[in-house]
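Reading the structure
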Amino acid sequence: MQNITSRALIALSIVYGATIAILAISGADFVGKFAAIGGITIGVLWALRAVLGSKTSA
């Protein structure tokens with residue numbers, strides 16, 4: 001299960017990074033807010049995966 005969540009989070013991070021790049025290149029006005037909200041969300045997901053993953057594997 002951890003392998004699946006790791007791959008999903010890696011894919012999500014790559015797609016999110018590409019989305020930020022596209023928005024920045026296109027000159028979108030809301031790229032800062034999108035980057036902040038998305039960065040916090042992905043960071044929380046990675047943290048939850050680390051915390052919950054360490055409890056289940058121990």
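The rules behind each value
- Residues numbered from 1 in each chain as written.
- Predicted model: local features only at pLDDT ≥ 70, side-chain atom pairs only at ≥ 80, totals over all residues.
- Heavy atoms only, no water.
- Helix = DSSP H or I, 4+ residues; strand = E, 2+ residues; numbered from the N terminus.
- Buried < 20%, exposed > 50% of the residue type's maximum accessible area, 1.4 Å probe, protein only.
- Contact = heavy atoms within 4.5 Å.
- Areas by Shrake-Rupley, 256 points an atom, 1.4 Å probe, with all protein chains shown as cover.

All right, on to the overall build of the protein chain then. In terms of helices and strands, the protein chain carries 2 helices and 0 strands. A burial count over the protein chain gives 16% of its 58 residues as buried. Here the analysis covers contacts within the protein chain between residues at least 6 apart in sequence; of these, 57% occur between residues at least 24 apart. Carbon and sulfur atoms make up 76% of the accessible area of the protein chain, which amounts to about 4300 Å² in all.

All right, on to the side chain of Ser6 then. Structurally, Ser6 is set in helix H1 (residues 2-26). By relative accessible area, which is 14% here, Ser6 ends up buried. What Ser6 contacts, discounting residues up to four positions off in sequence, is Trp46 and Arg49.

Looking now at the environment of Leu9. Along the chain, the position of Leu9 falls in helix H1. By relative accessible area, which is 10% here, Leu9 ends up buried. A sequence separation of 40 residues divides Leu9 from Arg49, and the C-alpha atoms of the two residues are 9.1 Å apart. Residues within four places of Leu9 in sequence aside, it is in contact with Leu45, Trp46 and Arg49.

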